[in-house]
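Here is how the chains run, residue by residue.
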Amino acid sequence: MNLQNRIEHLQDELRTICQSQNRSFDEITLIAVTKTHPVELIETALKAGITHIGENKVQEAMRKLPMLISKNYSFHFIGHLQSNKINQLLSLKPALIHSIDSVYLAQKLHLALGRTNRMQDILIQINSSEEESKSGMGFAEAEAAISEIACFSSLRIRGLMTIGKLDEPEISRPLFRQMKELFEHLRESNLPGVRMDYLSMGMSHDYKIALEEGANMVRIGSAIFGERTYGVHN
Ligand SMILES: *Cc1c(COP(=O)(O)O)cnc(C)c1O
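Quick notes on the rules
- Position labels on residues start from 1 in each chain and follow its written sequence.
- The model is predicted, so local features are restricted to residues of pLDDT at least 70 and side-chain atom pairs to those at 80 or more, both for listing and for counting; the totals for chains, interfaces and linings are taken over all residues.
- Remark: hydrogens and water are excluded; side-chain values derive from all non-hydrogen atoms of the structure.
- Note on terminology: near, applied to a residue and a molecule or strand, indicates that one of the residue's heavy atoms is within 4 Å of it.
- We call two N or O atoms a polar contact when they sit within 3.5 Å, provided that within protein one can donate a hydrogen and the other can accept it, with sequence-adjacent residues counted only if both atoms are side-chain atoms.
- Gly counts as polar in this scheme, as do all residues outside two lists: the nonpolar Ala, Val, Leu, Ile, Met, Phe, Trp, Tyr, Cys and Pro, and the charged Asp, Glu, Lys and Arg.
- Helix and strand assignments come from DSSP, with helices taken as H or I runs of at least 4 residues and strands as E runs of at least 2, each series counted from the N terminus.
- Each helix should span, by expectation, one fewer than its residue count multiplied by 1.5 Å.
- Only protein chains enter the area calculation, which uses a 1.4 Å probe; residues under 20% of their type maximum are buried, those over 50% are exposed, and those in between are partly exposed.
- Note that the arc is defined by the directions from the helix axis to the C-beta atoms.
- In what follows, residue pairs with any heavy atoms lying within 4.5 Å of each other are defined as contacts.
- Side-chain atoms within 4.5 Å link the members of a nonpolar core, which is a set of buried Ala, Val, Leu, Ile, Met, Phe, Trp, Tyr and Cys residues.
- Strand pairing is defined by DSSP finding a minimum of two bridges between the two strands.
- By the criterion used throughout, a crossover qualifies as right-handed when its path from the first strand across the helix to the second strand runs clockwise, the strands pointing away from the viewer.

Section: the site of the ligand
Part 1: Taken together, 13 residues surround the ligand, and among them Lys35, Ser204, Gly221, Ser222 and Arg228 come closest.
Part 2: Between the ligand and Gly221, the relevant distance is 2.8 Å, taken from an oxygen atom to a main-chain nitrogen or oxygen of the residue.
Part 3: Looking at the shell around the ligand residue by residue, the class counts come to six nonpolar, four polar and three charged.

Let's talk about helix H5 (residues 103–114)
Working note: α-helix, 3.6 residues per turn, so residues spaced by three or four point in the same direction.
Part 1: Across its 12 residues, H5 extends 16 Å between first and last C-alpha, which sits within 8% of the 16 Å expected from 1.5 Å per residue.
Part 2: Residues of H5 that are buried: Leu105, Ala106, Leu109, His110, Ala112 and Leu113. Taken end-on, H5 shows its buried residues confined to a sector of 165°, consistent with a single buried face. Across from the buried face of H5, at angles greater than 90 degrees, the exposed residues are Tyr104 and Gly114.

Side note on the environment of Asp101
Part 1: As for its placement among the helices and strands, Asp101 is situated in the loop between strand S4 (96–100) and H5.
Part 2: What makes Asp101 buried here is its relative accessible area of 14%.
Part 3: Sequence-wise, Asp101 and His80 are 21 residues apart; in three dimensions their C-alpha atoms are separated by 8.4 Å.
Part 4: Setting aside residues up to four positions removed in sequence, Asp101 forms contacts with His80, Gln125, Ser135, Gly136 and Met137.
Part 5: A distance of 3.5 Å separates the side chain of Asp101 from the side chain of His80, its partner in a polar contact.

A closer look at the nonpolar core
Part 1: Ile124, Ile149 and Leu160 are the most contacted members of the largest nonpolar core, which has 67 residues in total.
Part 2: Sort the elements by how many residues they give to this core and helix H1 (residues 3–20) lands first, with six residues.
Part 3: In contact with Leu160, not counting residues within four places along its chain, are Leu123, Ile124, Ile146, Met179, Leu182, Phe183, Leu186, Met196, Tyr198, Leu199 and Ser200.
Part 4: By size, the runner-up hydrophobic cluster in this structure holds five residues, among which are Ile31, Leu96, Leu123 and Met217.

Thoughts on the pairing of strand S3 (residues 74–77)
Regular strands show a simple pattern: their side chains alternate between the two faces of the sheet.
Part 1: Bridge count for strand S2 (residues 52–55) against S3 is four bridges, and the pairing is parallel. When the sheet's bridge partners are listed, His52 is paired in S3 with Ser74.
Part 2: At this point the chain moves from S2, through helix H3 (residues 58–64), to the parallel S3, and the crossover so formed is right-handed.
Part 3: Pairing between S3 and S4: two bridges, direction parallel. Across the sheet, His76 pairs through a bridge with Leu96, a residue of S4.

Right under this line is the structure:
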């Protein structure tokens, strides 16, 4: 299968999952995760109907995005964000930053935005599996932290993000379910400055489970582009 076929195949799969749940495919955002892949391949994906791309390293995005000829895409930053990279990231005008994982980072971002007079859409990253190696807030601290972050006037909280376990995908189902519960709870809480529009969860190995548990934004790399080889283009 070539890239175009793989994208169509994936879109068909997403459509089928949506149908089985009586949801509309239109409410799902598919983000093609382009990390490690060269500009030419990203260009091909954009021609094949991809409109959202995700990168997880500021440095790599800084190198690649300005080289894209097509400007018809939304850029999602999905990786761990170091505060010393904030200004560079903002220069790339991300549509959505998925990885705000502390009040501290949110404050740094707010201060950097203050100088540009821009609003930034963000998601709060939850470490749903509570693994040491992963970023994100624990479920227990999330609500209080979100209330604090909501006070930063240049940030718009648009939803939640999590990374499932890199394991048998069924193992992540209860975590995704807990995410959806928090998402609905926050939505009903109607906190000022907080909207729950996006629930970003599901990658190549577990997007089906994530969608079944209520995700409306999936971040998919290898199921589109094939396995990544590190060190060539990144
Ligand atoms: C790499 C990455 C993905 C995509 O992973 P695949 O398994 O290739 O689909 C999704 N989300 C984040 C945060 C990533 O870093």
